Amino acid sequence: MQDAVIQWCSLPRPGGAGTSVFAAMVAWRLAQRKLQCALVDCDFAAGGIDVLLGIENEPGLRFQTVDIPLGKTEGAALNGELPQWERVGVLASQPWNGSDPEPWTVSAVLEALAQANDVVVVDIGAPSALHSLPMLRQCRQVVLAELTVLGLARARAARAMMIRQGESRPIMVGVVPRGLSRRGGVVDAHEASEYLHEELAGVVAPDRGLHGDVLGGAGHPGYRQEQPQGGGCSRRCHRDGVG
C-alpha cells in the first residue's frame, strides 16, 4: 500500500493552511497525467472535503456509510461507488452524519483503493492523526509548513519525529499564510529549506479567487487551467515513483 498512497497534513494550523485544497489539486493534476486517482478524506475531526469540492449532494459512499462486515472489500467495487470529481473518485468524511469509522475499516478501505488505483491521496489534517492511523506511517508523506517562524519550528519538529519513528522522509511544501505578503513576516524559501534540513518541493501562495470560490460554496474550480497549485508537487510524487 505504501507505494500507492500519499498522505497530506499541515502545520501549524490544520484547516487553515489549505491542506484539503492542495491535496485535491494534486489529485487533479495526477488525473490529468492519465493516472487513476482516488482522494480520501481521513480528517475525521473536521472532514467535509466533498463540500469543499461542491459535490456534497452527489450520491455515493462517505466514510460514515462504508460497511465492511468481513473486514475486506474489493477496490474496483469501491471505486464504482465513489462520487466523481474531475475524474477523481472522492471518499469524504462527514462527521456530522455519523461516528468515526473503526481503524480496521479505514485500513481495509485504503488497502482496497491502493490496489485498484495508481495513486491514493489521503488528507489527514494534522500529523497527530497518525496515532490513530498507523497504517499510513510507511506511506509517502507531504507536510504543508507555514513559512513563518512558528510554522517552520513545528514543521522541523514534526519532520524529526517522523524520521525517528521510522517513517519515510516527508516531502515539505512551504505555504504563504493568508494575510501576509512575501515581504512581511514570511520566511524566504531558501532559508526555510536550510532550517528544515530539507529542500522545499515548492511554495504555495494564497489565491483570492480560489479562496472565495471555496468559501462561497462554488466548489473547488479544478478545471481552471491557470491554477498552478499542486503541479510541482505532483511532478515530484510522480518522479519519486508514486503511481
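Refer to the structure printed above.
**Describing empty space enclosed by the protein**
Vacant regions in the atomic arrangement are exposed by a probe of water-molecule size rolled over the atoms. Evaluated as defined, the whole model comprises 1 cavity of 30 Å³ or more. Looking at the largest cavity, its volume works out to about 30 Å³. Looking at the largest cavity, the residues that line it are P127, L130, H131, R137, M161, Q165 and E167. Looking at the lining of the largest cavity, its residues break down into 3 nonpolar, 2 polar and 2 charged.

**A short note on the environment of L152**
Along the chain, L152 falls in helix α5 (residues 149-164). L152 gets classed as buried once you look at its relative accessible area, which sits at 4%. The contacts of L152, once residues within four sequence positions are left out, are A145, E146, L147, V187, A192, Y195 and L196.

**Some thoughts on the pattern of salt bridges**
The final tally for this structure, using the stated rule, is 3 salt bridges. For D50, the salt bridge goes to R62, with nearest N and O atoms at 2.8 Å. Taken together, the positions of D50 in helix α2 (residues 49-52) and R62 in the loop between α2 and α3 (75-80) put the pair 12 residues apart, joining distant regions of the chain. Side by side, D50 and R62 carry an identical accessibility label, which is buried. With a shortest N-O distance of 2.9 Å, E198 and R159 are connected by a salt bridge. Taken together, the residues E198 in the loop between α6 (189-196) and β8 (203-204) and R159 in helix α5 connect sequence positions 39 residues apart. Shared partners join several salt bridges into a network, and the residues in it are R159, R169 and E198.

**Some words on α5**
With 16 residues, α5 should reach 22 Å at 1.5 Å per residue; the first-to-last C-alpha distance of 23 Å fits that figure. After α5 finishes, the residue G166 shows a positive phi value of roughly 80°.

**Details of the environment of V173**
The topology assignment puts V173 in strand β7 (residues 171-175). A relative accessible area of 1% places V173 in the buried class. Taking the C-alpha atoms as reference, V173 lies 6.2 Å from V143; in sequence the two are 30 residues apart.

**Topic: unusual backbone geometry**
At K34, a position not held by glycine, the phi torsion is positive, near 70°. When you line up the elements, K34 lands in the loop between α1 (19-32) and β2 (37-41). Look at K34 and you get exposed, because its relative accessible area is 67%. Even without glycine at this site, H197 takes up a positive phi of about 60°.

Analysis parameters
- Residues numbered from 1 in each chain as written.
- Predicted model: local features only at pLDDT ≥ 70, side-chain atom pairs only at ≥ 80, totals over all residues.
- Heavy atoms only, no water.
- 1 Å grid on protein atoms, 1.4 Å probe; cavity = no way out; pocket = protein on both sides within 12 Å on 5 of 7 lines; lining within 4 Å.
- Points joined across faces, edges and corners; volume = space filled by probe spheres on them.
- Nonpolar A, V, L, I, M, F, W, Y, C, P; charged D, E, K, R; others polar.
- Helix = DSSP H or I, 4+ residues; strand = E, 2+ residues; numbered from the N terminus.
- Buried < 20%, exposed > 50% of the residue type's maximum accessible area, 1.4 Å probe, protein only.
- Contact = heavy atoms within 4.5 Å.
- Salt bridge = Lys/Arg side-chain N within 4 Å of Asp/Glu carboxyl O.
- Expected span 1.5 Å × (residues − 1).

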